[in-house]
Amino acid sequence: MSTTDRRAVMCLRLHPADGGSLGAEAYAGVLALLDGLTPAVQALPPDGALADVRAALRYFGCDAGRLAAVVRVRSLALYGVDCTVGVAGNPMLARAAAREARPAGTLVIPDEPAAVVGFLADKPVTALDGIGPKAARTLCSYGLDSVGRVAAAPPAALRRILGARLGREVQERALGIDRTPVRPGQAARAIAAERVFDRDELDPVRHRRALLSLTEELGAKLRTQEQGGGQVCRALSLTVRCADRTTLTRTRTLAEPTAHSDALTATAYALYAALGLQRARVRALSLRAEDLIPAERAARQLSFDPQDDKARRLEAVTDRVRARFGPHVIARGTLAA
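These notes cover the structure that comes with them.

Criteria and thresholds
Residues numbered from 1 in each chain as written. Predicted model: local features only at pLDDT ≥ 70, side-chain atom pairs only at ≥ 80, totals over all residues. Heavy atoms only, no water. Helix = DSSP H or I, 4+ residues; strand = E, 2+ residues; numbered from the N terminus. Buried < 20%, exposed > 50% of the residue type's maximum accessible area, 1.4 Å probe, protein only. Contact = heavy atoms within 4.5 Å. Areas by Shrake-Rupley, 256 points an atom, 1.4 Å probe, with all protein chains shown as cover. Phe/Tyr/Trp six-rings, centres within 6.5 Å; stacked < 30°, edge-to-face > 60°. Lys NZ or Arg CZ within 6 Å of the ring centre and 35° of its normal. Expected span 1.5 Å × (residues − 1). Arc of directions from axis to C-beta. Pairing = 2+ DSSP bridges. Axes fitted to C-alpha atoms, helices over the stretch in contact; angles between N-to-C directions. Patch = residues over 30% accessible without salt bridge, like charges linked within 9 Å, V, L, I, M, F, W, Y side chains within 5 Å. Salt bridge = Lys/Arg side-chain N within 4 Å of Asp/Glu carboxyl O. Polar contact = N/O pair within 3.5 Å; in protein donor to acceptor, adjacent residues only side chain to side chain.

### Points about the overall build of the protein
Turning to step 1, where the next piece is worked out: Within the protein, the regular secondary structure consists of 13 helices and nine strands.
Turning to step 2, where the next piece is worked out: Within the span of the protein, comprising 337 residues, buried residues form 45% of the whole.
Turning to step 3, where the next piece is worked out: Taking as baseline every contact in the protein between residues at least 6 positions apart, the subset at least 24 positions apart corresponds to 67%.
Turning to step 4, where the next piece is worked out: Summed over its atoms, the accessible surface of the protein is roughly 17600 Å², and 52% of this surface lies on carbon and sulfur atoms.

### A closer look at the side chain of R288
Turning to step 1, where the next piece is worked out: In this fold, R288 is placed in strand β9 (residues 282-294).
Turning to step 2, where the next piece is worked out: When residues no more than four places from it in sequence are discounted, the contact partners of R288 are L22, Y27, P46, A190, I191, A192, L218, A235, L236 and S237.

### A few points about the packing of aromatic side chains
Turning to step 1, where the next piece is worked out: Summed over all chains, the structure comprises one aromatic pair.
Turning to step 2, where the next piece is worked out: Summarising the aromatic geometry, the rings of Y59 and F60 are spaced 5.0 Å apart at their centres and angled 90° between planes, so their arrangement reads as edge-to-face.
Turning to step 3, where the next piece is worked out: For Y59, a relative accessible area of 69% corresponds to the exposed category.
Turning to step 4, where the next piece is worked out: Geometry around F119 places K123 over its ring, the cationic atom sitting 3.9 Å from the centre.

### Structural notes on helix α3 (residues 64-79)
A turn of α-helix holds 3.6 residues, and therefore any two residues three or four places apart point the same way.
Turning to step 1, where the next piece is worked out: In a regular helix each residue adds 1.5 Å, so 16 residues correspond to 22 Å; α3 covers 22 Å between its end C-alpha atoms and thus fits that length.
Turning to step 2, where the next piece is worked out: Among all positions of α3, only A64, L67, A68, V71 and S75 are buried. Along the axis of α3, the buried positions cluster into a sector of 100°, meaning they face one direction only. Of the exposed residues in α3, those oriented more than 90 degrees away from the buried face are R66, V73 and A77.

### Some thoughts on the pairing of strand β4 (residues 81-88)
Turning to step 1, where the next piece is worked out: Counting buried positions along β4 gives seven out of eight residues, so the element sits mostly inside the fold.
Turning to step 2, where the next piece is worked out: As paired elements, strand β1 (residues 9-16) and β4 share eight bridges and run antiparallel to each other. Across the sheet, residue L12 finds its bridge partner in β4, namely V85.
Turning to step 3, where the next piece is worked out: When β4 meets strand β5 (residues 106-108), the two strands line up parallel, connected through three bridges.

### Digging into the sheet that holds strand β3 (residues 48-52)
Turning to step 1, where the next piece is worked out: Strand order in the open sheet made by the five strands is β2-β3-β1-β4-β5, with mixed pairing throughout. Looking at which strands have only one partner, the edges of the open sheet turn out to be β2 (41-44) and β5. Along the sheet, successive strands turn relative to each other by an average axial angle of 15°, direction set aside.
Turning to step 2, where the next piece is worked out: Two elements, β1 and β3, share five bridges in a ladder whose sense is antiparallel. Paired with V9 across the bridge in β3 is D52.

### Focus: a nonpolar patch on the surface
Turning to step 1, where the next piece is worked out: Taken together, the side chains of V117, L175 and I177 present a nonpolar region at the surface, about 220 Å² in accessible area.
Turning to step 2, where the next piece is worked out: The residue V117 is located in helix α5 (residues 113-120) in this model.

### A short note on the sheet that holds β9
Turning to step 1, where the next piece is worked out: The strand order across the open sheet built from four strands is β6-β9-β7-β8, with neighbouring strands paired in antiparallel fashion. In the strand order of this sheet, the two ends are held by β6 (190-201) and β8 (247-258), each with one partner. Taking each pair of neighbouring strands and ignoring which way they run, the sheet shows an average axis angle of 15°.
Turning to step 2, where the next piece is worked out: In this fold helix α11 (residues 261-275) packs onto β7 (231-242), β8 and β9, with an angle of close to 145° to the strand it touches most, β8.

### Overview of helix α4 (residues 91-100)
Turning to step 1, where the next piece is worked out: The element α4 is extensively covered by neighbouring structure, given that eight of its ten residues are classed as buried.
Turning to step 2, where the next piece is worked out: Taken together, the buried positions of α4 are P91, M92, L93, A94, R95, A96, A97 and A98.
Turning to step 3, where the next piece is worked out: Two to three positions downstream of the cap, the backbone nitrogen of M92 sits 3.2 Å from a side-chain oxygen, assigning the N-cap of α4 to N90.

Okay, here's the thing in C-alpha cells:
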C-alpha cells in the first residue's frame, strides 16, 4: 500500500506479551500511542482499536507495513503489549485483515479492487459485517455460501432474496466496499479493574472477595465518570487468569444499564459460578464494564423494595465521603477484614 492511497485504516488486536489479560492502563496507553500518530482513533473494547493513518503515511513518508512495525515495537517496549495488525482501505477490511494476520504480525491488503476481491472471495458469507445467522442461512439456501459468489450474483437477485437495502449493502461489502468512517472519540466505552493474587489462589471465598472489591471499584468509577454526570454499563465481562496461563472469559448483558455496585456484584458472582472453576488455581481476576452510556440516558425499572432504595442512598453517601476524604476511607466489612 503506497503513501498515496486514498484511505488507509489500521486495525489492532492487543494481547500482553506475558500471556495475561490486557489491563486498562496498558489499553489506554496503546490508544494514546496511536493518538500521537493520528487524531482519527476509535477504540474497540476490550482489546482492539481502529486508526485512519492515511495522513500519518504522508507525514512520515513510509508505507503501512513500516508504520505498523513502529506501532508494534513501541507498544511492546512501553506497555508490554503485542499487536496483531491489519491494514486495508476501510474499517471492514482492516478488521478482516487483523483476524487473518499471524499473531503479533501484520497483514496489509492493498487498496486495489483485484486484491480486495481475491482476499474476500473464498471466505464464508458470515465473514461480512452485517450478515447474521438468518441472512447467512437464506443466502446459503440459494447457493450463495461464499463472499465471491455473493459478489458475482446479480444485484436484482440479492435484492429479491434479502430486500432492497440489505441486498445492496451485502453486495457492496462482498466487493470490499465499506462506507463506515473511523469514529474518533469512542474510547470511553469500557472500564476495567484487575486483582492479582500474591500466590496462585485456590480458595473460592477469596475469589469472591476479590470480585466484590472489583465491583465496588468499578461501580465507584462509573458513578463519577464524565465530570460527575456518571455512566452506566450494559454488559459485564469477567476474565480469569489461571496458574497454567489459560485465560477464561465470560460476558453477560445486564437486565438494565447500571452503575449500582450490588447489581454488578450479583452479575460478577453469576459469571464466576458459570465457569465452574471448582479447585482451579487462579492467578488473577479482572472485570470489565462494557458498552457504557451516560447515566442520564439510561432508563431504570422502578423498585418497591425498600432495601434496594436504602442501598442506593447509602451508596450515594459513600461516594460523597470518598470523594472528599479518599477512596479508602470507607470499605465494606467483608473487605476490611
